[in-house]
Amino acid sequence: MRVVFFGFQTWGVRTLHALLDLHHDVPLVVTHPSSAQTYKAIWSDSVEELAGDRGIPVHLTDRIDGETIDLVKRAEPDVIVVNSWYTWMPAELYDLPPHGTLNFHDSLLPKFTGFSPVLWALISGESEFGLTVHRMDEGLDTGDILVQRALPIGPCDTGTDLVLRGMELIPGVLDEALTALAGGSPAWQPQDKTQRTYFHKRSDVDSRLDLSWPATDLERFVRALSAPYPRAYTHYRGRRIEILEARVSQARYGGTAGRVIVQEGGGAVVCGPQPFRGTNAGLVITRVRTADGAEHEGAEFFLPGGYLTEAP
C-alpha cells in the first residue's frame, strides 16, 4: 500500500522500520523537530534520520498546517499511519486517503486514552496493557478499533520493561491492520465510550511520592518510573531524593505517616496511610539517589531517621 507516515521518537522509528520491512511504499514522512522537553527527549530515536537514510522526503513540523495537508495530498496515499504524534490532526487530513488514518495507541482502548498510558496502567494496578490500532476521528483515541493486542503486567515489571515489550508488537499489528485494509475486509469495532478513561500529560509533580497511598501502590509507582523516565521523588532532611528501588514490607507498622522508623531486609521502612491503626504494610526503600547523582543503599542512607516530606 501507499502509506504516508506521521510519527516521532522510538515508537515512530519502529513503525517506519516495519512499514519499510513490509515493503509498503512510503512517499512522505512527517515528523516533529527534536525537543528537549522531558517526555520528548527520552525514547528519542530519530524518525527524520531514518527517513533521510532511506531517501524518503521528510516534512518537519510542530503542527498540521496548510503546507502539511498540501504535501500529503500530493503524495496520494492509500492510508495515513500515525504513531507518536503530539498535535491535533484535522478531519481534512485524517479523512483524506481512501482508507482514512490509522493511529497507534499503546493501551487497551477505550481504557487509558491520553498520555503515558503504559506508565499510568502500571501505576493504576492493571493486570494487562497492550497496543491498539484504531481509525482516527474527531476525538482523542476514540475511533473504531481495527487491531488490538494485550500483554500481561508481571509483579516485577518496570515501566521501561512494558514500554519495550509493547514496541515489539508494532510490526505484527501493523501488518495485520494494513493487510485487512488491502483485502477490503477490515473488521472495525466501535469503542464502548462508557468504559473510556483519560489520563493527562505527566509533569514533575506527578513523580512525587504521595504518602497517603498504600505501600502496594507506592511500590508499583516506583517501578513504573524507571529509567529513562523521571524517577519517583520525595524530600528527606531538606533534600530532594529519588527513590530507585522499593518493596512492600513483610510486617505491619504503626506511628505517623512519612516517618522513617526501622530497617527491614536491607531497607528503611516508611509508615503509610492511617499508621495510627498499625494494620498497614509500610514501604521499604532499598535504594535512593541524591541530587549530586550519588546512589545509596536505603538502610544506610536513612540511619539518622526522621520523616519524608512533600517539600524541603
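Residues numbered from 1 in each chain as written. Predicted model: local features only at pLDDT ≥ 70, side-chain atom pairs only at ≥ 80, totals over all residues. Heavy atoms only, no water.

- You'll find the protein entered in an unreviewed UniProt entry as Putative formyltransferase, with Mycolicibacterium murale given as the organism.
- Per UniProt, the comment on the protein under Sequence similarities (unreviewed entry) is "Belongs to the Fmt family." (UniProt positions renumbered as here; feature names shortened; annotations may be inferred.)

### Examining the packing of helix H1 (residues 9–21) against helix H7 (residues 159–167)
Part 1 of the reasoning: Packing of H1 against H7 leaves a shortest axis separation of 10 Å and a crossing angle of 20°. Considering the angle they form, H1 stands roughly parallel to H7. Relative to H7, H1 is oriented so that their crossing is right-handed. Two secondary-structure elements touch here, H1 through Thr10, Trp11 and Arg14 and H7 through Val163, Leu164 and Met167. (Axes fitted to C-alpha atoms, helices over the stretch in contact; angles between N-to-C directions. Helix = DSSP H or I, 4+ residues; strand = E, 2+ residues; numbered from the N terminus. Parallel < 35°, antiparallel > 145°, perpendicular 65-115°, else oblique. Left-handed = near helix turned anticlockwise from the far one by under 90°. Contact = heavy atoms within 4.5 Å.)

### Topic: the environment of Ile285
Part 1 of the reasoning: By the secondary structure assignment, Ile285 is in strand S14 (residues 280–290).
Part 2 of the reasoning: Residues Ile285 and Ile243 lie 42 residues apart in sequence; the distance between their C-alpha atoms is 7.1 Å.
Part 3 of the reasoning: Residues contacting Ile285, with those up to four places away along its chain left out, are Ile243, Glu245, Ala246, Gly267, Ala268, Val270, Gly298, Phe302 and Leu308.

### A look at the packing of aromatic side chains
Part 1 of the reasoning: Taken as a whole and judged by the stated rule, the model has eleven aromatic pairs.
Part 2 of the reasoning: Considering the side-chain rings of Tyr39 and Tyr229, the 6.0 Å spacing of their centres and the 35° angle between planes classify their relative orientation as tilted. Of this pair, Tyr39 sits in helix H2 (residues 38–41) while Tyr229 is found in the loop between helix H9 (215–224) and strand S10 (232–236), placing the two residues 190 residues apart along the sequence. Take Tyr39 and Tyr229: they sit in the same class, and that class is buried. (Phe/Tyr/Trp six-rings, centres within 6.5 Å; stacked < 30°, edge-to-face > 60°. Buried < 20%, exposed > 50% of the residue type's maximum accessible area, 1.4 Å probe, protein only.)

### A word on the pattern of salt bridges
Part 1 of the reasoning: Inspection of the entire model under this criterion finds 16 salt bridges.
Part 2 of the reasoning: Where Arg220 meets Asp217, a salt bridge forms, and the shortest distance between an N and an O atom there is 2.3 Å. Note that Arg220 and Asp217 are positioned in helix H9 at a spacing of three residues, about one turn of the helix.
Part 3 of the reasoning: Residue Arg247 pairs with Glu264 through a salt bridge whose shortest N-O separation is 3.3 Å. With Arg247 in strand S11 (residues 239–253) and Glu264 in strand S12 (residues 259–264), this pair connects stretches of sequence that are 17 residues apart. (Salt bridge = Lys/Arg side-chain N within 4 Å of Asp/Glu carboxyl O.)

### Thoughts on the sheet that holds strand S4 (residues 79–83)
Part 1 of the reasoning: Here we have seven strands laid out as an open sheet, ordered S3-S2-S1-S4-S5-S7-S8, and mixed in their pairing. What marks the edges here is a single partner per strand, and that holds for strand S3 (58–60) and strand S8 (145–152). Strand-to-strand twist across the sheet, computed as the mean angle between neighbouring axes with direction ignored, equals 15°.
Part 2 of the reasoning: Here strand S7 (residues 128–135) pairs with S8 via seven bridges, running antiparallel. Across the sheet, the residue bridging to Thr132 is Gln148, located in S8.
Part 3 of the reasoning: Against the sheet, helix H8 (residues 170–183) engages strand S1 (2–7), S4, strand S5 (101–105), S7 and S8, with an angle of about 160° to S8. (Pairing = 2+ DSSP bridges.)

### Quick word on the UniProt feature "domain: Formyl transferase N-terminal" (unreviewed entry) in the protein
Part 1 of the reasoning: With numbering matched to this structure, UniProt assigns "domain: Formyl transferase N-terminal" (unreviewed entry) to residues 1–168.
Part 2 of the reasoning: For the annotated span residues 1–168, helix accounts for 32% and strand for 26% of the residues, and the straight-line distance between the end C-alpha atoms is 22 Å.

### Concerning the packing of H1 against H8
Part 1 of the reasoning: Where H1 contacts H8, the axes come no closer than 9 Å and their chain directions differ by 50°. The pairing of H1 with H8 is recorded here as oblique in orientation. Helix-helix and strand crossings are classified by hand; for H1 and H8 the assignment is right-handed. Seen from H1, the contacting residues are Trp11, Arg14, Thr15, Ala18 and Leu19; seen from H8, they are Ile170, Pro171, Leu174 and Leu178.

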